[in-house]
2 protein chains.
Amino acid sequence: MRRNSTPREDGFRMPGEFEQHSGTYIIWPQRPDNWRLGGKPAQKVFTEVAKAISKYEPVTVCVNEDQYSNARHWLPDDVRVVEMSNNDSWVRDCGPSFVTNGKEIRGVDWGFNAWGGLVDGLYFPWDKDDRVAQKICEIEKTDRYRTDGFVLEGGSIHVDGEGTLVTTEECLLNKGRNSHLTKEDIENKLKEYLNVEKIIWLKRGIYNDETNGHVDNIFSFVKPGEAILAWTEDQNDPQYEICQECMQILEQETDSKGRKIKIHKLLLPKPVLITDEESGGVDAVDGTLPRNAGDRLAASYANFYIVNGAVIFPMFGDPNDENAGKVLKEAFPDREIVGIYAREILLGGGNIHCITQQVPKAEEM
Amino acid sequence: MRRNSTPREDGFRMPGEFEQHSGTYIIWPQRPDNWRLGGKPAQKVFTEVAKAISKYEPVTVCVNEDQYSNARHWLPDDVRVVEMSNNDSWVRDCGPSFVTNGKEIRGVDWGFNAWGGLVDGLYFPWDKDDRVAQKICEIEKTDRYRTDGFVLEGGSIHVDGEGTLVTTEECLLNKGRNSHLTKEDIENKLKEYLNVEKIIWLKRGIYNDETNGHVDNIFSFVKPGEAILAWTEDQNDPQYEICQECMQILEQETDSKGRKIKIHKLLLPKPVLITDEESGGVDAVDGTLPRNAGDRLAASYANFYIVNGAVIFPMFGDPNDENAGKVLKEAFPDREIVGIYAREILLGGGNIHCITQQVPKAEEM
């Protein structure tokens, strides 16, 4: 059922990712102009992610018809596979943001334009992705708020579930999204559709992130009043200034409840570059962002995903992988910390958080 | 989860259609070589059927991607629409037959070959239809019995939920289905997968029925020990002999509990022929059964569908429409009787029962 009201009007809020889930959605990767070698290496890692999550909560994988049999073959029996046409596999960004009133959940169905539409979108067309949120809501039998043209990707926001939202100016004020709206207009949309009171604007996300600096690659809430920030001590890295800037903002700000936010620094891996071989495995298609050898990828451990009882985080074969696991264990002492070697996801332009979308539990704990 | 056992082994049985449902599945019609005028008139009637059923139980309509928006537009908000690729819209025949143990439901996923495969199938290919049962089970989150090559359409059987199954030799012994199996082999498959004890074999179904005489167009259980049989008193109609033959068999037989089955006679409409205009609206495609002007359609009121609290039956603009409603009211005194003018469904080769598939309630009443 489509709702013409807003979550704020109806008393629904977006829970923090750390709150209980009823399950997780993933979309199966396949497009050969983004995923090398026909998507086979990425499909293997997506399968690992689905398996890892399914130890903690139910997983549904959505798949284009022509990959249905293959996805069903590789995914374990206890992972549900449903047909859902899509342009690519970033359900964090094209899927619904679920909100709850403690008894019922509903989906917020944002506009989706492939991270910038005709201005600097990453592929064309994106019509199938724009219908993913609606289709997930139908499968979940939840009502749906359609935001009438307001473009937002789920990865460009993080909430603490208690009225605070963190995002980046680089993304939300980008001229490829809602260029007809002022910053204040955008704040008001977020307040209406996610039922938040306080918006903390970081300036920029991870260096060279093709999403225009999605917050979910640099920052994540651990719980209300506590968060993770991707970090580097390397003053020669262009990322250094970005991290310093984020920290300054976060130190100055308070959340919706007036709290200072405790920050855990999560050291980044060394720069990860696309190899010749990796680049050579990707179809060249006009209108799709090319994967050129030597390009720096936006590798970050902050792109982890919190599930019921665990945190699933990406590893890169970097000495800092181990440190990342330690920092996450300190931040999430009651959860298992599960690392997955995720270079193949990174090669497609994102990581574990970008390829997952939680469905919160309707009932309050 | 795929099960390699059988429902009989696991203590699951197929309930009668008259038992409580948790909902109904329908597939949206569209193929222009079967449905005239690009499927638009049929889509209107399928929408009426979905609306009628949704007054009594939840309805899910499955639709190919290219018709998703259109189906979503015409169907009311409280009917769920999910993407599911298909070759045509006969979910009775390609969908799962659900079985229950009183606590849980599971789907039986038969082989599907478009009513006769390469022998006398009605279109080619049928690969998408053959995956519909699995996909519905995944959406319903039910386990699934795959019957490894055993071809069966749900419309070729009716059960009383207490161990009796009625079918036709014309269909189940047709050389386009399981020609490598004997009648006894086929009986054993039915007994294993539907957990029945007694199989009553009618000889033939409705005259000129392209399904090879599906039982659901001529016979239906009202409840254990009581049934409907399509009927004609017109001795010049080739249907006359078929009805007489069915009645003789049913009078001689007893059900699994040793009961005689009480039969309500349901007078057929006058022969319904395809008009020139109707024939002209259908694409001619090699390998698809043509819809020639003057061909007699297998019109029958027995192709009704029982839902929670009602019976939805087809009307043809025939003087017997009213009688059909009366006979159904006598047979189902506690249910509402809802007639829908369904010539457009008939033109595609079936009727209301053929386009619906019930999901039984898991819990016993």
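The preceding data block contains the structure.
I will try to describe carefully the structure that is included in this document.

Let us now look at the overall build of chain A. A count of helices and strands for chain A gives 13 helices and 19 strands. Relative to its length of 365 residues, chain A is compact, with a C-alpha radius of gyration of 19 Å against a globular reference of 21 Å. Each of the three principal axes of chain A carries a C-alpha extent, and together these read 50 × 50 × 45 Å. For chain A, the proportion of its 365 residues judged to be buried stands at 64%. Long-range contacts, defined as pairs at least 24 residues apart, comprise 76% of the intrachain contacts of chain A with a sequence gap of at least 6. Computed over 43 positive and 61 negative side-chain charges, the inter-centroid distance for chain A is 3 Å.

Right, let's get into the interface of chain B and chain A. Each partner contributes residues to the interface: chain B has 21 residues there, and chain A has 21 residues. Taken over both partners, the interface formed by chain B and chain A buries close to 2000 Å², and the fraction arising from carbon and sulfur atoms is 43%. Counting every contact that joins chain B to chain A gives eight salt bridges. Arginine 72 of chain A is paired through a salt bridge with glutamate 138 of chain B; the nearest N and O atoms lie 2.7 Å apart. Broken down by class, the residue content of the side of chain B that touches chain A amounts to seven nonpolar, three polar and 11 charged.

On to the sheet that holds strand β10 (residues 198–202) of chain B, then. The pairing of strands in a sheet comes from backbone hydrogen bonds and takes either a parallel or an antiparallel form. Residues and elements named next belong to chain B. Judged by pairing direction, the sheet is mixed, and its three strands sit side by side in the order β8-β9-β10 without closing on themselves. One side of each edge strand has no neighbouring strand; the edge strands of this open sheet are β8 (158–159) and β10. By the bridge criterion, two bridges tie β8 to strand β9 (residues 164–168) in an arrangement that is antiparallel. Bridging across to β9, valine 159 finds its partner in leucine 165. Against the sheet, helix α9 (residues 183–194) touches β9 and β10, its axis set at about 130° to β10.

What follows covers the pattern of salt bridges. Residue and element names in this part refer to chain B. Counting across every chain of the model gives 65 salt bridges over all chains. Where aspartate 130 meets arginine 146, a salt bridge forms, and the shortest distance between an N and an O atom there is 3.5 Å. Residue aspartate 130 is found in helix α6 (residues 127–130), and its partner arginine 146 is found in strand β7 (residues 143–151); the two are separated by 16 residues along the sequence.

This part is about the relation of the copies chain B and chain A. Rotating chain B by 180° about the axis while translating it 0.0 Å along that axis superimposes it on chain A, leaving an RMSD of 0.0 Å. These values place the two chain copies in the arrangement generated by a two-fold rotation axis. Among all residues of chain B, the minimum C-alpha distance to the rotation axis is found for glutamate 83 of chain B, at 3.2 Å.

Another aspect to go through is the environment of lysine 51 of chain A. Residue and element names in this part refer to chain A. For lysine 51, the position within the fold is in helix α2 (residues 40–54). Residue classification places lysine 51 among the partly exposed residues on the basis of a relative accessible area of 41%. Remark: the alpha-carbon pair of lysine 51 and arginine 131, spanning 80 residues in sequence, is separated by 26 Å.

The rules behind each value
Residues numbered from 1 in each chain as written. Chains lettered and ligands numbered in written order. Predicted model: local features only at pLDDT ≥ 70, side-chain atom pairs only at ≥ 80, totals over all residues. Heavy atoms only, no water. Helix = DSSP H or I, 4+ residues; strand = E, 2+ residues; numbered from the N terminus. Rg over C-alpha atoms; globule rule 2.2 N^0.38 Å. Buried < 20%, exposed > 50% of the residue type's maximum accessible area, 1.4 Å probe, protein only. Contact = heavy atoms within 4.5 Å. Lys, Arg positive; Asp, Glu negative; His and termini not counted. Charge placed at Lys NZ, Arg CZ, Asp CG, Glu CD. Buried area = accessible area lost by both parts, 1.4 Å probe. Salt bridge = Lys/Arg side-chain N within 4 Å of Asp/Glu carboxyl O. Nonpolar A, V, L, I, M, F, W, Y, C, P; charged D, E, K, R; others polar. Pairing = 2+ DSSP bridges. Axes fitted to C-alpha atoms, helices over the stretch in contact; angles between N-to-C directions. Least-squares fit on C-alpha atoms with pLDDT ≥ 70 in both.

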